[in-house]
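Spelled out from the first residue to the last, the chains are:
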Amino acid sequence: MTCEKEFIMKISMGFLVLTGIVHPGCSKDALQKELSKDNGVKNVQVLADTGKVLQFANPNVIIGAAVNVKLLATDGIYRDLVKKQYNSISPENAMKMINLQPQEGNFDFSDKTIENVALDFGKKRIHGHTLVWHRGLPNWVKNLETTTLPNGTTRAQQMDSILSRHIRTVIANYDNPASIYKDNNGKPLLKSWDVVNEALDDNGDYRATQNISNGEDKGSIWYRTIGKSYVQKAFTYARKAAEAQGDTDLKLFYNDYGHEYSAKKLDSIYKMVMALKQITFNGKPIIDGIGMQFHININTSLANIKNALIKMKSTGLLIHIAELDISLNKPGLPFSAAALDAQKQKYKDVAMLYRKYVPANQRWGITLWNVGDKDSWLTYTSNTQVDAACLFDLDYGQKPAFFQFYDGLNLDIPASY
Ligand code: G3I
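For the protein chain, an unreviewed UniProt entry supplies the name Beta-xylanase and the organism Pedobacter cryoconitis. Here the protein chain is described in UniProt, under the heading Sequence similarities (unreviewed entry), as follows: "Belongs to the glycosyl hydrolase 10 (cellulase F) family."

A. Seen up close, the pairing of strand 12 (residues 318–327). The element strand 12 is extensively covered by neighbouring structure, given that 10 of its 10 residues are classed as buried. As paired elements, strand 10 (residues 289–292) and strand 12 share four bridges and run parallel to each other. Considered in strand 12, the bridge of Met292 is made with Ile321. By the bridge criterion, three bridges tie strand 11 (residues 295–297) to strand 12 in an arrangement that is parallel. Within the sheet, the bridge partner assigned to Ile296 lies in strand 12 and is Ile326. At this point the chain moves from strand 11, through helix 11 (residues 302–313), to the parallel strand 12, and the crossover so formed is right-handed. Here strand 12 pairs with strand 13 (residues 363–368) via four bridges, running parallel. Counterpart to Leu324 in the pairing with strand 13 is Leu368.

B. Focus on helix 5 (residues 113–120). For helix 5, the full list of buried residues reads Thr113, Ile114, Glu115, Val117 and Ala118. Contacts from the buried residues of helix 5 go to strand 1 (63–67), helix 2 (69–74), helix 3 (76–85), strand 2 (88–91), strand 3 (125–132) and helix 7 (155–174). Taken from the residues just after helix 5, Gly122 is the one with a positive phi, measuring 85°.

C. Looking closely at the packing of aromatic side chains. Per the stated rule, a full pass over the model turns up nine aromatic pairs. With a centroid separation of 5.7 Å and an interplanar angle of 70°, the aromatic rings of Tyr347 and Phe405 are classed as edge-to-face. Taken together, the residues span a long stretch of sequence, with Tyr347 in helix 12 (residues 337–357) and Phe405 in helix 14 (residues 400–410) at a distance of 58 residues. An aromatic cluster is present here, built from Phe107, Phe109, Tyr174 and Trp193 joined pairwise through their rings. Lying across the ring of Tyr257, Lys265 places its NZ or CZ 3.9 Å from the centre. Lying across the ring of Tyr270, Lys311 places its NZ or CZ 4.7 Å from the centre.

D. Geometry of the side chain of Lys124. Inspection of the secondary structure assignment puts Lys124 in the loop between helix 5 and strand 3. One buried charge, Lys124, has no salt-bridge partner; the nearest side chain with opposite charge is Asp80, at 11 Å. Within the structure, Lys124 has its side chain in polar contact with the backbone oxygen of Val82 (distance 3.3 Å). Among the polar contacts listed, one links the side chain of Lys124 to the backbone oxygen of Lys83, at a separation of 2.9 Å. Beyond its immediate stretch of four places on either side in the chain, Lys124 contacts Gln55, Val82, Lys83, Tyr86, Asn87, Ile89, Ala118 and Leu189.

What counts and what doesn't
- Residues numbered from 1 in each chain as written.
- Predicted model: local features only at pLDDT ≥ 70, side-chain atom pairs only at ≥ 80, totals over all residues.
- Heavy atoms only, no water.
- UniProt positions renumbered as here; feature names shortened; annotations may be inferred.
- Buried < 20%, exposed > 50% of the residue type's maximum accessible area, 1.4 Å probe, protein only.
- Helix = DSSP H or I, 4+ residues; strand = E, 2+ residues; numbered from the N terminus.
- Pairing = 2+ DSSP bridges.
- Right-handed = clockwise from strand over helix to strand, strands pointing away.
- Contact = heavy atoms within 4.5 Å.
- Phe/Tyr/Trp six-rings, centres within 6.5 Å; stacked < 30°, edge-to-face > 60°.
- Lys NZ or Arg CZ within 6 Å of the ring centre and 35° of its normal.
- Lys, Arg positive; Asp, Glu negative; His and termini not counted.
- Salt bridge = Lys/Arg side-chain N within 4 Å of Asp/Glu carboxyl O.
- Polar contact = N/O pair within 3.5 Å; in protein donor to acceptor, adjacent residues only side chain to side chain.

Next comes the structure, spelled out in C-alpha cells:
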C-alpha cells in the first residue's frame, strides 16, 4: 500500500459505456479502434510502471496469460508484455480444433507463433488449450450429426474415431521428440493440456441436448454421439498418445468454470475427476489436474472461492486457476472508483487464497485470461468496455489491480484468509 500512494495517476477520466449500436458483424479490430478513440471513454485508471514483474512475484506460483497469435505478430507492446510478465502461456484460440483440424483429416500446425514466443522469450511453459470442447469446432464436425453414415458404422464409432485421431495427432505434434521447442532439459515446452473442456452444465449434468444460441451449441455433440464415456476415452487417448511419444510427464487437465457459483457443478466435477483418477493407463492415472477457470466478478463470494479451492485440492490433483479475470460488470454497480477498488482487492484475494489453500506441490499456477482490457474476450463479447476485467488497460497500462495481484502473490498471507 505504501508505494501505491506514490504512483502517478496517468489517466482517470471516469467511465461511460460506449453508446451506439455495434453491428453483429463488427470485427474485433474495428471494435478495438472504436474503443481506443479519444471520445471521453478512455481507459480506466492506470498507474506508473514500477518495474514489478508477475512471473517473479513468487517462485512457487507460475503466472500465465491466454495469448492471441495475431496480436503477438502485430502488436509490439503486447508482445513485450507477454515476454516480460509471464512464465507460462495458453493459446487463447490457436490450439482449438477449429484451427488445428479445419478440414477432416487435414491438420494444420503451420502457425508456430506460440512455440516461437515460448522459445524466444525464455523457454516459457506452454499450456495446451483445448483438445475436446463442444465449442471451437470446425463446421465439418458441427454438421456431422446430419450426414449419412459410412456403411457399417454407427455415429458413435464415427465420432470416437474422430476424437481419437484428433487427440493422437495433436499431442504427437507438440510432443514430437525431434521438435526444436524444448526446455533446458530437452523436454517439450508444452507441458500440459486441457484435455476436456466444459463437459458439464451449471446443474452439474453432462452438456447434451443441442441448444444453439448466437450460433454456438450449448450442448455437446461429443456427449450426444458417444455418451458420457467420451470424457474417459479422451483422457485415455491423451495419455496413450503422450506415452507413445515417450513423454511420461505430460499433465492432463479437466478444465471448467463455475466451481465458485454452483455447488451442484462443483460436486459433479469432484465426482467426475475422482472417477477419472481411478482409471490408469500403463499404471498411471489418466488425469493429473483440474483447471478452475475463475471468470469471476467483483461480487463473487470469497467464501465460495475458498470452498471451491479446498474441495478441488482435496482430490490430490494439480490445481490450475486457468482463466482468471475479474469483471466490473455487475448490474447496479456502475463503473466507479469503488468498483475498481473491489476489483483490485479481489485479485489480491484470489492470489492469497490460492497460496493458502493449495499446497505448492499441487499448484500448476495462475493463468490470466487475456493480457489487457484491449484484448479481453469480454470486451469483444459485450462490444463495450464494461467488464474491464484484466490487469492491463486499453493501452496496456498497469491498473491498480496489477499491483494488488502482485502483492497477493508476494506478501505474507494474513490470518484473515
Ligand atoms: O478469427 C475469426 C475471424 O476470422 C472472424 O471474422 C470473426 C467473426 O466472428 O471471428 C473470429 O473468430 C472469433 C475468435 O474468438 C477470435 O477472435 C470467434 O468468432 C469467437 O467465437 C472466438 O471467441 C473465443 C471463444 O473462446 C470461443 O472459442 C474467445 O476469443 C476466447 O477468449 C474464448 O475462450 C474461452 C475458453 O476457450 C474456454 N473458457 C471460456 C473462455 C471465454 O469464453
